[in-house]
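Geometric and topological summary
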Amino acid sequence: MQSFTTVTGPAIPLMAANVDTDVIIPIQRLVGTGRDGLGPYAFERLRYNADGTDNMDFVPNREPYRGSPIMLAAENFGCGSSREGAVWALMGMGVRCVIAPSFGDIFFANCFQNGLLPVRLPIEEIRRIAEETEAGPGNARTTVDLARQVVVTPTGREIPFQVDGRKKEAMLQGLDDIAMTLKQAEAIAAWKARDKQSRGWAWESVA
Amino acid sequence: MPSTMFDRIWDQHVVADLGEGWSLLYLDRILVHDLSGGRAMEEVAQAGYRLAEPRHVFATPDHAVSSAPGRTAETFPVGAKLLRSLRARCAAEGVRMFDLGQRGNGIVHVIAPEMGIVLPGLTLACGDSHTCTNGGVGAMAFGIGASELSHALATQTLPQRRPGTFRIRFEGARPAGVTAKDMILAAIGRFGAAAGTGMAMEYAGSAVRAMSLEERLTLCNLSIEMGAKVGMVAPDDTTFEYLAGRDFAPKGRAWEAALADWRRLPSDTEARFTRDEVIEMASIAPQITWGTSPEQVADVTGHVPRPESAPDAARAKSWEAALRYMGLEPGQPLIGTKVDWVFIGSCTNSRVSDLRAAADVLRGRKRAPHVTAWVVPGSEKVKAEAEAEGLHHRFLEAGFEWREPGCALCVSANGEAVPPGARCVSTSNRNFVGRQGTGARTHLASPAMAAAAALAGSIVDVRNF
């Protein structure tokens, strides 16, 4: 996993509700493309015109937002399919942090597995960041600081956000989950031994 | 202290408390499919690990296989590559795989209950968001991403944060024409596509108790479309009768022991849920979606909404975009909207009872000439049962295509797609932009509503058909 400390950039105001992972990356691309090649296909149905040129109605295509690591969205970002390719595609287009009021649960978990930080803030705060960005000179910058757990808005306001302690540590250090869990090998073995006694039926039928 | 079914299953599977609401949970079963299964197993091997419990992992190709009659693994060459990887890794690790054409093959969430792989009180994970379907037997089943799948395979556990609980009770007698699909679509329309985020759903009430097991699977299937990873129905005699004798269900004394455990699972009457709602069955009519989110749904007798009547500005904007994509006018009646394609299938509605319901509507009539209509059974077993009953003849005589098991037109990962601009009434679970193909316009509905639309060539109310 890529480690995450702070990112800075003009916050891209995508601001749509229920952005699903099918729209972030169409499944056909996942069947044929490896995880490192997905960036050009992120949001491809919204991002390009029929002739393949950039659709300038799609905000992330416009300057100064193009390539910015911070994206703003409305409720339920990343809902739908479990495809982790949605996170790989977003990272492939340069996004390292999405700020939304709520996220699809599986997408939210996938973000932490890859070093893309999902930040939950109230919709009013997100709208204000968008307004400050637009009003600021040269579309002022937002900073997301994971260690301090704050979003610093273009006018210098600091908005604290919540993040799970274990997820934060893993992300700051780029830690691998499997290695962390295997430290619990004894607890897993003990659980299994107990369970084989108490719920033999759950083990016998597939033995 | 009174507890919910979800609490009981969760507590029993905690291997270690990781703090801040996180637990390391033991997984009784893992399901893998062709789209991500081979790759996840390759990554586990490359990282130097073996599968922790390969006998508790089950594999089937479904996403990227063609559903064309007489298909082989090579019919969709891009998918064939994924299938070869899945076969090789399953053979190397000793994982049971149900290959194309074999008993047990089919859509992963159709075969798991059908084979008795998923059982009441078990935990189950799969790299697919519709894993929540399996909660219909009273299991805690949830979808995970690719990295989590590798973790699950290597350790047979997952770190998970305990969700809240959300119960919906469906009370009263089921009105004519209303199916499990209509019930859950109505609930999503009422509470919204994010209402279940961070929640485990339990569906209860007299109408759920009266449901068949297959209907409960449909109900739980759309839990993810409400934002929830988990959907459950308490096991009862309906569940036990369904599971008895299935391939991987316990037998003999083990069955008796399991039954005793399963009877203790249902939530206590006094149990408290984070959120608790009641839906009166009398308030539900046959449903059809008009937009590009499952929450954009209406009674079939209703109208396409006007964006200016949306509850807020953000919603108004998303309604406008949805209407533009769907090619619909604000205020137009849904009934009478011309339909080009009909798809009966997917992990939502491809079981034999779904196919019976659709076939019952046909009654010797023919599809409208301009409609392309597909029936894709959910598994080899469903296909065999349907053919034994002669359902395939009824579909074929009505001008439908009778195809091979798989995800097919639900996900469009297999070379199969609804053409750009074409309008499809689909029994699947997602009407997202581009889901059934670039520019495809999807209306979600029940199998009976889909069959009726194929006959009429337009959206119709199945109750008058």
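Residues numbered from 1 in each chain as written. Chains lettered and ligands numbered in written order. Predicted model: local features only at pLDDT ≥ 70, side-chain atom pairs only at ≥ 80, totals over all residues. Heavy atoms only, no water.

A tally of regular secondary structure across chain B gives 15 helices and 19 strands. Over its C-alpha atoms chain B spans a radius of gyration of 21 Å, differing by no more than 12% from the 23 Å that the globule rule assigns to 465 residues. Each principal axis of the C-alpha distribution contributes one length, and for chain B these read about 55 × 55 × 45 Å. Evaluated residue by residue, chain B yields a buried proportion of 67% over its 465 residues. For chain B, the share of sequence-separated contacts (at least 6 apart) that also reach a separation of at least 24 residues comes to 76%. (Helix = DSSP H or I, 4+ residues; strand = E, 2+ residues; numbered from the N terminus. Rg over C-alpha atoms; globule rule 2.2 N^0.38 Å. Buried < 20%, exposed > 50% of the residue type's maximum accessible area, 1.4 Å probe, protein only. Contact = heavy atoms within 4.5 Å.)

Now for helix H5 (residues 105–114) of chain A. All names here are of chain A. Burial analysis of H5 places ten of its ten residues in the buried class, which makes it a mostly covered element. Looking only at H5, the buried set comprises Asp105, Ile106, Phe107, Phe108, Ala109, Asn110, Cys111, Phe112, Gln113 and Asn114. Of the residues flanking the end of H5, it is glycine 115, one or two places downstream, whose phi is positive at about 90 degrees.

For the rest of this paragraph, the subject is the packing of aromatic side chains. This structure, assessed with the given rule, holds 20 aromatic pairs over all chains. On the numbers, 4.4 Å between centres and 20 degrees between planes, the contact of A:Trp191 with B:Tyr26 is stacked. Of the two residues, A:Trp191 sits in helix H9 (residues 185–198) while B:Tyr26 sits in strand E2 (residues 22–26), which places them in two different chains. A single burial state applies to A:Trp191 and to B:Tyr26, both of which are buried. Centroid distance B:Phe166 to B:Phe191: 5.9 Å. Interplanar angle 65 degrees. Geometry classified as edge-to-face. Here B:Phe191 lies in helix H6 (residues 180–191) and B:Phe166 lies in strand E9 (residues 164–171), a separation of 25 residues in the sequence. Neither residue differs from the other here; B:Phe166 and B:Phe191 are each classed as buried. Pairwise contacts between aromatic rings join A:Phe77, A:Phe103, A:Phe107, A:Phe108 and A:Phe112 into one cluster. Over the face of the ring belonging to A:Trp203 we find A:Lys196, whose NZ or CZ atom lies 4.7 Å from the ring centre. Positioned over the ring face of B:Tyr242 is B:Arg246, at 3.9 Å from the centre of the ring. (Phe/Tyr/Trp six-rings, centres within 6.5 Å; stacked < 30°, edge-to-face > 60°. Lys NZ or Arg CZ within 6 Å of the ring centre and 35° of its normal.)

For the rest of this paragraph, the subject is the interface of chain B and chain A. Counting residues at the interface gives 72 residues for chain B, matched by 51 residues for chain A. For chain B, the biggest contributors to the area lost against chain A are B:Trp22, B:Tyr49 and B:Phe432; these three give 10% of the whole. Summed over the shared surface of chain B and chain A, the number is five salt bridges. With a shortest N-O distance of 2.6 Å, B:Glu53 and A:Lys192 are connected by a salt bridge. Seen at the junction of chain B and chain A, the total is 24 residue pairs in polar contact (both at pLDDT 80 or more). The set of elements that each furnish at least two residues to the side of chain B that touches chain A consists of strand E1 (14–19), E2, helix H2 (37–46), helix H3 (77–93), helix H5 (146–155), strand E8 (157–161) and helix H10 (252–263) of chain B. With seven residues, the single largest contributor to the side of chain B that touches chain A is H5(B). (Buried area = accessible area lost by both parts, 1.4 Å probe. Salt bridge = Lys/Arg side-chain N within 4 Å of Asp/Glu carboxyl O. Polar contact = N/O pair within 3.5 Å; in protein donor to acceptor, adjacent residues only side chain to side chain.)

What follows deals with the packing of helix H4 (residues 85–92) of chain A against H5(A). Residue and element names in this part refer to chain A. H5 packs onto H4 with a crossing angle of 55 degrees between their chain directions and a minimal axis gap of 9 Å. Here H4 lies oblique to H5, going by the angle between them. The crossing of H4 and H5 is right-handed. Contact residues: H4 offers Ala86, Val87, Trp88, Leu90 and Met91, while H5 offers Phe107, Asn110, Cys111 and Asn114. Among the residues forming the contact of H4 with H5, the class breakdown is seven nonpolar, two polar and no charged. (Axes fitted to C-alpha atoms, helices over the stretch in contact; angles between N-to-C directions. Parallel < 35°, antiparallel > 145°, perpendicular 65-115°, else oblique. Left-handed = near helix turned anticlockwise from the far one by under 90°. Nonpolar A, V, L, I, M, F, W, Y, C, P; charged D, E, K, R; others polar.)

What follows concerns the environment of A:Met91. Residues and elements named next belong to chain A. Considering the arrangement of structural elements, one finds methionine 91 in helix H4. On the accessibility criterion, methionine 91 (16% relative accessible area) is buried. Placed 15 residues apart in sequence, methionine 91 and asparagine 76 show a C-alpha to C-alpha distance of 19 Å. Excluding its chain neighbours within four sequence positions, the residues that come into contact with methionine 91 are Gln2, Arg96, Asn114, Gly115 and Leu116.

Atom-level detail of predicted coordinates should not be read off regions where pLDDT is low. When pLDDT is averaged along chain B, the result is 97; 100% of the residues meet or exceed 70. Prediction confidence for the complex, expressed as pTM and ipTM, is 0.96 and 0.93 respectively. (pLDDT = per-residue confidence, 0-100.)

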